[in-house]
Amino acid sequence: MSERLFSIRALAILLLLATAAGFIWLGSLRHSLENVIGDEGTFMAMTASAAQDGDLRFDERDEERIRRQPKGGRWVVILQQTESGLAYSKPAAFSIMAAPFQRLAGEPGLVIFNGVMLTLAILVAFEFARRLGPVDDALLTVVTFVGASCVMSYVAWRISDSLQLSLAVIGLTLCVADLQPAVRPPSSRLGRFLESPWAVWLGATVLGVVAVMRYPNALLGVGASAAYILHRRWRRGLAVAAVFALSVVGMSLINWASTGAVVPYKAKRTSFNIQTGYPVDAESAETEYFAARPATQTMGVKPTLE
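Treat the numbers as computed from the prediction; the structure is a model and nothing was measured. (Residues numbered from 1 in each chain as written. Predicted model: local features only at pLDDT ≥ 70, side-chain atom pairs only at ≥ 80, totals over all residues. Heavy atoms only, no water.)

Asks: What is the right way to look at the packing of helix H10 (residues 198-213) against helix H11 (residues 218-230) in this model?
Replies: Packed helices, taken two at a time, are described by the angle their axes make and the gap between the axes. At their nearest, the axes of H10 and H11 sit 7 Å apart, and the two run at 150° to each other. Comparing their axes, H11 and H10 come out roughly antiparallel. Packed against H10, whose contacting residues are Val 200, Leu 207, Val 210 and Ala 211, the element H11 presents Ala 218, Leu 220, Gly 221, Ala 224 and Tyr 228 at the interface. When the residues that make up the contact of H10 with H11 are grouped by side-chain class, the tally is eight nonpolar, one polar and no charged. (Axes fitted to C-alpha atoms, helices over the stretch in contact; angles between N-to-C directions. Helix = DSSP H or I, 4+ residues; strand = E, 2+ residues; numbered from the N terminus. Parallel < 35°, antiparallel > 145°, perpendicular 65-115°, else oblique. Contact = heavy atoms within 4.5 Å. Nonpolar A, V, L, I, M, F, W, Y, C, P; charged D, E, K, R; others polar.)

Shown next, in the form of structure tokens:
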């Protein structure tokens, strides 16, 4: 092994160990359900509903589960009023995908799920990078991206942000890998899949899922399509755009089927509060309770249904 390669791998290992230590420390601070803030309560309740009830509707079973949580935990859950009744008011992808992990491991399963998806994204990124240059450069690039950024810290938050990042890396890499001819043959099944014609279509599909999770992410699908068009591969670019659009439509229909709203953010929304209960009536004392809280605590959610 050359001295340069040894130094790079040693640095990569040190970065990895430092990142793991930071992640363990962060996890120790966030292990309790009393440390649930922001959107975590909604995503945790949604995932529990998907895992245990097989739906994303809000009913008596959901209310009972939430009330059993430790005092201070899950203090607000964002809901929406649809034609078919009450449902959780977040895109369904995270909860549906994380439900098996929640069923097997409980609340820590959401963190495990985030970790599994990020690991898959790292492997895909590494296989793509090693196709284009020395293995040590690919290793250092990927480890630095993960260890020298806020990527790992988001894994400990039981929300969809880490999943969005992981799916964005996976989808974009698969979708545009065909634009960069490999300078070395693949050495793994994942590397060989990047060379297959199915990779681009799976990548475009994944990007459609990411777009529905947060609509500004649609720029990723548009960018992937534009990349092929700029390389004068018009048919491939238009085909990527078509698969991406179909994926967006399909995931939106899944939102509609599971929550009753194609776009949860556009539905009539309110909050279930662990201390005051649901519904929050405009003329009740609960309204004052929400009004007294900082705006960031309820993520701007109105306390009454319009």
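Asks: Whenever I open this one, the pairing of strand S2 (residues 85-88) confuses me. Can you help?
Replies: The side chains of a regular strand alternate, residue by residue, between the two faces of the sheet. Summarising the sheet, strand S1 (residues 76-82) and S2 pair through four bridges and their orientation is antiparallel. Within the sheet, the bridge partner assigned to Leu 79 lies in S2 and is Tyr 88. Turn length for the S1-S2 hairpin, with the two strands adjacent in sequence and antiparallel, is two residues. (Pairing = 2+ DSSP bridges.)

Asks: Which parts of the structure should I look at to understand the packing of aromatic side chains?
Replies: The relation between two aromatic rings is expressed through the spacing of the ring centres and the mutual angle of the planes. Inspection of every chain in the model, using the stated rule, returns four aromatic pairs. When the ring of Phe 101 is compared with that of Phe 113, the centres are 5.3 Å apart and the planes differ by 50°; the resulting orientation is tilted. With Phe 101 in helix H4 (residues 93-105) and Phe 113 in helix H5 (residues 108-130), this pair connects stretches of sequence that are 12 residues apart. On the basis of relative accessibility, which here comes to 2%, the residue Phe 113 falls in the buried class. Every member of this aromatic cluster is reached through a ring pair, and the members are Phe 43, Phe 94, Phe 101 and Phe 113. (Phe/Tyr/Trp six-rings, centres within 6.5 Å; stacked < 30°, edge-to-face > 60°. Buried < 20%, exposed > 50% of the residue type's maximum accessible area, 1.4 Å probe, protein only.)

Asks: Would you take a moment to explain the nonpolar core for this structure?
Replies: What tends to happen in soluble globular proteins is that the nonpolar side chains get buried as a cluster. Ranked by internal contacts, the top residues of the largest apolar core, which has 39 residues, are Phe 94, Leu 163, Leu 167, Cys 175 and Val 240. For this core, the secondary-structure elements that each account for two or more residues are helix H2 (40-52), H4, H5, helix H8 (161-176), H10, H11 and helix H12 (234-259). For this core, the element with the most residues is H10, which contributes 10 residues. Contact partners of Phe 94, with chain neighbours within four places excluded, come to Phe 43, Thr 47, Leu 110, Phe 113, Asn 114, Arg 158, Ile 159, Ser 160 and Leu 163. Residues Leu 79, Tyr 88, Ala 92 and Ala 99 belong to the second largest nonpolar core, which totals 13 residues. (Core = buried A, V, L, I, M, F, W, Y, C linked by side-chain atoms within 4.5 Å.)

Asks: How should the pattern of salt bridges be read in this particular structure?
Replies: Opposite charge on two side chains makes pairing possible when the charged atoms of those side chains draw close. In total, this model carries 11 salt bridges according to the counting rule given. The salt bridge involving Arg 61 is made with Asp 53; its shortest N-O contact spans 3.8 Å. Arg 61 sits in the partly exposed class, given a relative accessible area of 39%. Each of the salt bridges in this network shares a partner with another, and the network as a whole consists of Asp 53, Asp 55, Asp 59, Arg 61, Asp 62 and Arg 65. (Salt bridge = Lys/Arg side-chain N within 4 Å of Asp/Glu carboxyl O.)

Asks: When you look at the environment of Gly 41 in this model, what are you seeing that I'm missing?
Replies: Assignment of secondary structure puts Gly 41 in helix H2. The exposure class of Gly 41 is buried, given its relative accessible area of 1%. When the C-alpha positions of Gly 41 and Ile 159 are compared, they lie 8.7 Å apart, and in sequence the two are 118 residues distant.

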